[in-house]
Amino acid sequence: MPEHQSAPTPPPDLPADQTLLAERDHLTRSRAALRRMRAHTAGLQASGGDHVSLQYVRQALHRRMQALEDDPEVPLFFGRLDYDTGLGAEQDETLYVGRRHVTGEAGGAPLVIDWRAGMSLPFYRASRADPMGVRRRRRFGFERGEMTAYEDETLAGSREPDETDPGQLASQILEADIERPRTGPMRDIVATIQPEQDVLVRADLARSLCIQGAPGTGKTAVGLHRAAFLLYAFRQQLARAGVLVVGPNQSFLSYIGDVLPALGEIDARQETLLSLVQEATGQQVRAEEPVPVAVLKGDARMAEVLARAVWSHLGSVSEPLVVPRGSRQLRVAAYRAEELVAELRSRGVRYGAGRALLPQRLAHEVLLRMEAAGDSPDDRVQAAVARSAPVKAFTARLWPAVTATKVLHRLYTDAGFLARCAEGLLGEDEQHRLRPGRAPRSAGSARWTAADLVLLDELGDLLERTPSLGHVIVDEAQDLSAMQLRAVGRRASTGSVTLLGDLAQATTPWATSSWQESLRHLGQQAEVEELLAGFRVPASVIDFAARLLPTIAPGLRAPYAIRRSRGDLRVVRGDAGAAVAAAGEALAREGTVGLVVADASLDQVVAALTAAGLDHGVLGRDTEEALRHRLEVVPASLAKGLEFDHVVLLEPADVVAGEADEVTGLRRLYVCLTRAVTSLVVVHRRDLPAALAG
């Protein structure tokens, strides 16, 4: 259906109560139309020329059925645009903006247009200075799926000047939706996307983005809605190439997991970096290692060490290749064979691809000698020569087979081999750090760490090229090491990326020091876009947490809140019992509650909650019920990326002390302080960090 077709023109302006009834009627008709669309899809018979085609069609119909599911708790549309030809529009028409396209009966005019369609753009960006052909923009208020209110904004023809404070939200419905208490995992923000966010969401597929976003600025939501937009605008291209969302941990993925399906997109893959490299390498994490060793394994210099280790396996020969053909002995000189190896290497082929090509190159040389002797060999003869025992044996000496696990095992256990590969790159003390105290007898018995799997993934790419996706979105990217960023980057070698993060929230020992450095390791070019307007975190909480910024990220500008409500902030003296009591008080209010504690205090707090009879979940332990309780106990190490209506933070000094150094600890504390949407209670017995005192 072309976007310019209009929905039925509404009657002239009505009294408020009649207008609301008319809009409710449009919602009822739209839901009925969506049910008809789903019933029509359900009635389609899958057919295909073969079994594979049939399965593909069935899967497509299944995905279409999922996309047409209607959740009565979620508004089918949230806005309306009244276009006016007097303002440059192609025709006078009214369009309703929602999460998916809904067509009227018999293929008629759309009752709802998708928020990603071009005609929906003015809903997010039109202003009195540039109405974009729209006379009036209407927002709808909903409660549990029922329309309760509407709010009009006249964009043209009004004598009132546009005095909207750019630091405040102009719409009460918009503000109420942003501040609405949460239940369960993250929800979409499709009704509340702001102009500066929309510009990033709708950026072209070919453009890579790096978004530096302070807490509560919606950077994660922007990334997810960008995925939804790209899958809509470039569906045919991305249906083949794919979209990948990379999150920091499984708890985070559980938190964001409902957003894309709610927008009708179920084809984007969501993974952690660890799950990606586990799948790629076929290995599991079976050991841990000291932080200095993990930091070294994440260093960019390891990429060159690994490349040297792989290519050092190339051999040399002193005798020619001899291939018997009847009564003749056809020879390829040793120097010519080594020239073929050098030629293949100069083309930049992967090690495995070069090893597969070398027999064909050698066979071609043999065929040249057969032709010189008067024969007329064809391609079948060349293939037979390439498979012959002499060529196979010669290739094995010149270009032997290697595996990623064997190469890495040799680096860790063969000091001489490591020294040759690391010469000029790693010092002797660093080389010693890489060698385990008790070396495994074989690669098959090695107990790999998480950092090892990233190195194995790098080795795997040196052997065989990693397939590239169309677009990769990486959240909490500031915490990735150089080698981890390389692992992500090779999965977008022919595509684009959206990098999301906050340097002030960098809490890993190998965290990046700048976004330009991260982009270099990714192999991407992008301008850094900064989001500073806080939509979720209240002003009182942002201002309190921002006291840490001069210490943890002196180069970043402080964020600011644009909500009218400053939120609730209390700092009280007390112990775990006081924190449990504060959590109980928060449960009496509407919304979710996060009790954030230092990892070392987790068992103590869980015991106190159990003794107090408060129902709760424990993030990181209850994997099947992650974020399904109103009250969640959150280890500080897993707080990043999450939001709760009410947060109780126990003992900030312990959170800081749980990290390797003070700056990293203060960054972890900054993360924990900024998880609150409505209220924050800081409970402490020990003195607060100096930056927060006062």
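To be clear, the structure that these remarks concern was listed above.
Residues numbered from 1 in each chain as written. Predicted model: local features only at pLDDT ≥ 70, side-chain atom pairs only at ≥ 80, totals over all residues. Heavy atoms only, no water.

### A few points about the side chain of arginine 675
Of note, arginine 675 is situated in the loop between α28 (662–673) and β22 (676–684). Here arginine 675 occupies a buried position and makes no salt bridge, while the nearest side chain of opposite charge, glutamate 476, is found at 5.9 Å. Of the polar contacts made by the side chain of arginine 675, one reaches the backbone oxygen of valine 671; its length is 2.6 Å. Of note is the side chain of arginine 675, whose polar atom sits 2.9 Å from the side chain of threonine 674. (Helix = DSSP H or I, 4+ residues; strand = E, 2+ residues; numbered from the N terminus. Buried < 20%, exposed > 50% of the residue type's maximum accessible area, 1.4 Å probe, protein only. Lys, Arg positive; Asp, Glu negative; His and termini not counted. Salt bridge = Lys/Arg side-chain N within 4 Å of Asp/Glu carboxyl O. Polar contact = N/O pair within 3.5 Å; in protein donor to acceptor, adjacent residues only side chain to side chain.)

### So, the nonpolar core
Trp115, Leu669 and Leu673 are the most contacted members of the largest nonpolar core, which has 84 residues in total. Here the element with the most residues in this core is helix α6 (residues 219–233); it accounts for 8 residues. If you look at the next biggest cluster of nonpolar residues, it comprises 76 residues, including Leu276, Tyr351, Ala386 and Leu459. (Core = buried A, V, L, I, M, F, W, Y, C linked by side-chain atoms within 4.5 Å.)

### What about helix α4 (residues 172–179)?
Listed in full, the buried residues belonging to α4 are Ile173, Leu174, Glu175 and Ile178. Elements that come into contact with the buried residues of α4 comprise β5 (134–143) and β6 (146–154). (Contact = heavy atoms within 4.5 Å.)

### Examining the side chain of histidine 684
Counting through the fold element by element, histidine 684 comes out in strand β22. Note on histidine 684: relative accessible area 6%, which makes it buried. At 2.8 Å, the side chain of histidine 684 forms a polar contact with the backbone oxygen of arginine 686.

### Focus: the layout of surface pockets
In this structure, the second largest pocket occupies an estimated 1300 Å³ of space. If you go around the second largest pocket, you meet 40 residues; those closest to its centre are Pro248, Ala450, Gln484, Thr508 and Trp510. Within the residue set of the lining of the second largest pocket, elements represented by two or more residues are β8 (243–247), α10 (273–281), α11 (291–297), α20 (450–463) and α21 (482–489). No other element matches the 4 residues that α20 contributes to the lining of the second largest pocket. Split by residue class, the lining of the second largest pocket holds 20 nonpolar, 11 polar and 9 charged. Taken domain by domain, the lining of the second largest pocket gets at least three of its residues from each of domain 2 (195–282 + 467–534) and domain 4 (539–692). (1 Å grid on protein atoms, 1.4 Å probe; cavity = no way out; pocket = protein on both sides within 12 Å on 5 of 7 lines; lining within 4 Å. Points joined across faces, edges and corners; volume = space filled by probe spheres on them. Nonpolar A, V, L, I, M, F, W, Y, C, P; charged D, E, K, R; others polar. Domains from an automatic or database assignment.)

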